[in-house]
Each structure stands twice: as C-alpha cells, then as structure tokens.
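Read off the chains here:
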Amino acid sequence: MGMLLLLLVLLPLAAFPHTRGRLDSEQQEAMGPRAPVILIIGAGISGLGAAEKLHKHGFHNIKVLEATARTGGRIRTQSFAKGLVEIGAQWIHGPSPGNPVFRLASQFALLSPDALLEENQKINVGGHPSDIPVIYSSSGKKINPEVFANITELYNTWLEETRNFTDGECEPGASVGSFLRQKIVENSKGWDKELVEINLAFLTGLLNIECCISGTHSMDDVALCPFREYTMFPGLDCTFPKGYESLVNHIKAPLPDGTVILNKPVKNIHWNGAFRDNNSDVYPVKVQCEDGDSFVADHVIVTVPLGFLKKRYLDFFNPPLPQIKIQAIKNLGFGTNNKILLEFEKPFWDPNTTYIQTVWEGDSPLTEPNKDLKQNWVRKLSGCVVLEPPGQLGHVLCCFIAGKESEFMETLTDEEILSSMTDLFRKMTGNPELPPPISILRSQWHSQPYTGGSYSYVAVGSSGIDVNNLAEPLPTDKEALKPMQVLFAGEATERNYYSTTHGALMTGWREAQRLIDRYPELRATVSKAKL
Ligand code: 6YU
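Reading the values: rules and limits
Residues numbered from 1 in each chain as written. Predicted model: local features only at pLDDT ≥ 70, side-chain atom pairs only at ≥ 80, totals over all residues. Heavy atoms only, no water. Pairing = 2+ DSSP bridges. Helix = DSSP H or I, 4+ residues; strand = E, 2+ residues; numbered from the N terminus. Disulfide = S-S within 2.5 Å. Buried < 20%, exposed > 50% of the residue type's maximum accessible area, 1.4 Å probe, protein only. Domains from an automatic or database assignment. Contact = heavy atoms within 4.5 Å. Buried area = accessible area lost by both parts, 1.4 Å probe. Salt bridge = Lys/Arg side-chain N within 4 Å of Asp/Glu carboxyl O. Axes fitted to C-alpha atoms, helices over the stretch in contact; angles between N-to-C directions. Parallel < 35°, antiparallel > 145°, perpendicular 65-115°, else oblique. Nonpolar A, V, L, I, M, F, W, Y, C, P; charged D, E, K, R; others polar.

In sheet architecture, strand pairing relies on hydrogen bonds along the backbone and comes in two forms, parallel and antiparallel. If you trace the five strands from one edge of the open sheet to the other, you get β7-β2-β1-β13-β22, paired in parallel fashion. Edge positions in the sheet fall to β7 (260-261) and β22 (486-488), since each of these pairs with one other strand and no more. Strand direction decides the pairing type here: strand β1 (residues 38-41) and strand β2 (residues 62-65), joined by four bridges, are parallel. Residue pairing across strands places Leu39 opposite Lys63, the latter belonging to β2.

Written as structure tokens, this is what we have:
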C-alpha cells in the first residue's frame, strides 16, 4: 500500500521532470532542476499573449500581476448609448494575414464578413481615415472636400516622402513636422491668394490628425529619419462588432483560474538576487507589490506602458536599470490621444457621413498655436468618426484629440466638455439652436496612473536603436549565470509595429519565445506529450 502511494506521488513527476512539489533536497537533486517560475507584469494584450503562449508550451508556473481591476489594458470596451464603444484601441490597423491580431480575430470568428473579404485585405490606408470627410469650417459653412482634393493629394505625397530618409541623412533636430512645414512653405508660393488662408487652415487640421495617429503633441516632436521604420500591414482597418475586448477574452480563456491576479500593482522588481520561497528554493527575482505581497521568480516579463516607466524607472527596479535602458526610456516619446464620445438624439450630419472634419479659419501650421488651453483646446480636435451601426448604437460621434490640449481636456468635467463641444458644433454648422449631445464618455489615458498616456512614438533625439535597447532582457551580460531575469514586452518595445495592438501582441510572443528557447528540455517534454 505504502509503495503504491509513493508511486502515485512520483509518477506524475517522472512524466514532467521539471515539476517539483515539497521534496527533500536529495529527491530534488535526483529530479533535476525545478520548473521555471515566471511572472508577467501587466494584463494587456502583450502580457496575456505571453502568458497564453508560455502556457501552451508547457510552462505552468505562471502568474500575471495586473494593477487595475480589469484585463485588457489599453484595449477597453465599454457600454455607451445603446451599445458598445472602445475607450482605447479601435481598429485592427492593417487587417491581413501578416497581422497576428487579424489572424487571431479571424480564428476566433470575431470579425464581420466585410473584414474577411480578400479585396479589403489588399487596400493600404496607412492608419488614416479612408473615407471622404464632411468638412465644416469655423465660419459655419460646409466646404466641399473637392476644394481640398489637390492639397490632400499633395499632403499624402509629402507624407510618403517622409519615409524616404535613411539614417544619417537627417539633421539632428529634424522632425516630421519640420519636413512637412518646409513642403507647405515651398508649395504655398504657388497658391491663389484667396486660397492661402483656407488651405493653411485645412493643413492644420491634417496635422492634428497626424498628431492623433502618432500619439504626440506636435509632429515637430516626431523624429524624421526613423519614421520610415514604422511598418503597416495592408488591409482596410476594421473593428470588432462585439468589442476589442472579445479578443482579449479569447486570448486569456485557456489560462487556468488564478493565473491572472487583478488589483495587484507591482511596487518594484528586485533582480540579480537570491530570494527564497517557502520551500527554501532560491530565485534571482523578487517582485514586491504595493499591498505588501511579494512573489519570487526565475523570470519576470515587464509589459507596463512606457508612460509608466517614464515616471517610475528610478524606483521600479533594484538594482537600477543600466544607463542604456534609462536613456531609451527618456528618449522615446509617449504621448496622449484621447476620445470624446458623444451621443445625439438626432444626427446633425447627413446620412452616409462617416467622418467629420473641422477647419478653423485663421489657423496655420506656419504660426505658433495659441497657448491659452482653456479657450482653445477644442481647436486641436482632429475630427469625429460617425460610429456604426446607428440602429444598434444610436447616433454617436467619436472625436479624437491629441497632445497637451488632450491632457487639458482630461482635467475638465463632463459638463464643461459637453458645453465646449456643443459650442463647437453650433459654430461649425452655423446653427445656434443645435441641440446638445445627450450623453458623453471620454477617455483620460494621460491621468491613468498605470498608463500615463496613450502610446509610444520615436521622438526627436531617439531612434529605433532605443526601442531595441528597451527590449533587451536583463542582465545584458550574455555570460550571466542566470540570464533573462527581467524581460521587456509591450507596444513600445516593437521597433516596426509600436503603438498598435498587433505590435504589443508580437512583443509578448517574442519574450515568451525567448523563454521557450531557453528551456529546450521542457519543449521536448511538451512535444513528446503531444505525440
Ligand atoms: C491599434 C487602434 N487606437 C487609441 C487609444 C489608445 C491606444 N491603440 P497595455 O497598456 O494594454 O497593458 C499594460 C498593463 O500593465 C495595463 O493593464 C496596466 O494596468 C498594467 N500595469 C502598469 N503598471 C503596472 C504595475 N505597476 N503593476 C501591475 N500592472 C501594471 N492600437 O492597433 N488600433 O485603433 C488603436 C488607440 C485611445 C490609448 C490605441 C491602438 C494602441 C493599443 O491600444 C496599444 O498599443 C496596446 O493595447 C498596448 O498593449 P500592451 O499590452 O503593450 O499595454 C505613421 C505612423 C505612426 C505610428 N502610429 C500609428 C499607429 C496608430 C495607433 N492607433 C491609434 C488609434 C487608435 C484609435
């Protein structure tokens, strides 16, 4: 009977040699090394993607520690009006087979039939609104987009040209903004006198859109030479009919209960140490949480946003990060792009309108914008997307605003924003009686303590090398006895696809793969078990 019991205990361990329960040290020696313990900080798409991949490859000692009360991070779907809206990521940028988010969404049957059409997967819009906008000007007139057809085409070719620069070709402070401004100055010399003012006002609006796409205050902050490294998959951007979070829910579904721990903000990460668990096993990493709990690990994958790292890099790591990483964190840009969602009783826009753009007469990319944020923040709005389908959702506009004006907007009350937005639409439509929106929901990504903004960009003074340096695991010494103690994932660590959900997912998978490659014996066990 005793023998049978011993066999029952040892058999599962023999089948999975890295698993070890409470065995004495002699038994431990005989069993070989214990299963690696992995902690993942952050339950956004990168953290959950890493956890799911590791789990699938036989790593079962995984915990995901998430600071907030929810998973998804910057993917956040919420109820609003009569349906669901996105507070964070909205589209799959470039939905085509190369894009892992598209592949997963298709596999989980989360997309509409349109998104799956092959012809849509071949279209290239580069993250820009693809439809012809309805344009309102601040003097209360609707402007025929044909008026701006030439200037729009020119602007698009200039944008393309920003991608022609190679490293070393740019002056130290060269930015996408300075390049575009130079083009505007050169080109405006040939414009009809009466078109100069309105063209400049329209171009200011296009630059505001660009700021939202890059998540920056000004295109003068975005470095010119590295701009070409941002890579787009082809495909007509599409959305998730049941919300972006439906993807997150599918990714995390295979993880055993208890893997993801919510409301568990991490205070700091101690690495290069020797920390014991209750079994007296020794680990190189200890993660200390704000609530006093601590976790030991062999590896920790840090997926916190760059915005968080910018605030906390000094006290979040012990020993401190190497200088090369600190420099990368400081150099790279992390800006704010927010949404203001407005529900109207009745649409003031024509049917078939998909995008509304506002033009402020008198604004120009060649003059300094007015610094009085209280009076002028609404001028920075880049435009409003008409959300579909109105039948299910109601009449909802999703307006975008980036930069300091966006951060100022976060400090206002809903009532103050409603009042400014009502004034704006009354001015633009020339209708002083236009009824105000009936409800509002806005994002506040800059004030979120565990995010600190919206997404990353390669700022003037930085380059793709900073992104690589940020992604490099610690210790950086290749000969280290315990390598890969702290690994880095998250959208800001993806040199070509930063600022997107697919970029974030790729980095989670990249770091999971690093660990899978580090434990070939485990891989062999899993493949054998599958045979
Ligand atoms: C996309 C889109 N999109 C709009 C808006 C935003 C973003 N993006 P996470 O932050 O998700 O997870 C980290 C977790 O860590 C988080 O849960 C924290 O709470 C947690 N954490 C932090 N500190 C912690 C601690 N101490 N302890 C424990 N946990 C901690 N992307 O593909 N399509 O339409 C948009 C948009 C308003 C805010 C977007 C879009 C960006 C994505 O949302 C984002 O990259 C990923 O979700 C990040 O996932 P993650 O896991 O890395 O972090 C030309 C050119 C230029 C380049 N830019 C072009 C691209 C444009 C991007 N698109 C923007 C447009 C919209 C509308």
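Anyway, onward from the coordinates.
Another aspect to go through is the state of the cysteines. Throughout the structure, instances matching the rule amount to two disulfides. Here Cys170 connects covalently by a disulfide to Cys225, the sulfurs 2.1 Å from one another. Taking the sign of the torsion about the S-S bond as the criterion, the disulfide between Cys170 and Cys225, at about 95 degrees, is right-handed. Placement of Cys170 in the loop between α6 (149-161) and α7 (176-188) and of Cys225 in the loop between α8 (193-214) and α9 (245-252) is noted, with a sequence separation of 55 residues between them. Disulfide pairing is shown between Cys384 and Cys399; the S-S distance is 2.2 Å. Between Cys384 and Cys399 the sulfur-sulfur dihedral comes to about 100 degrees; the bridge is accordingly right-handed. Of the two residues, Cys384 sits in strand β18 (residues 383-386) while Cys399 sits in strand β19 (residues 395-402), which places them 15 residues apart along the sequence. Overall, Cys384 belongs to the buried group, its relative accessible area being 4%.

Looking at the chain, the domain boundaries give domain 1 (14-73 + 241-331 + 460-524) and domain 2 (131-233 + 337-442). Here the C-alpha centroids of domain 1 and domain 2 sit 38 Å apart. Each side of the interface is counted separately: domain 1 has twelve residues, and domain 2 has 13 residues. Summed over both partners, the interface of domain 1 with domain 2 comes to about 960 Å²; 53% of that surface belongs to carbon and sulfur atoms. At the boundary of domain 1 and domain 2, one finds one salt bridge. In this structure, the salt-bridge partner of Arg495 is Glu229, at a minimum N-O distance of 2.8 Å.

At a closest axis distance of 8 Å, the pairing of helix α4 (residues 100-107) and helix α17 (residues 501-518) adopts a crossing angle of 90 degrees. In this view, α4 runs roughly perpendicular relative to α17, as classed from their interaxial angle. Contacts from Pro100, Val101, Arg103 and Leu104 of α4 reach α17 at Thr501, His502, Leu505, Met506 and Trp509. Here the contact of α4 with α17 is composed, by residue class, of six nonpolar, two polar and one charged.

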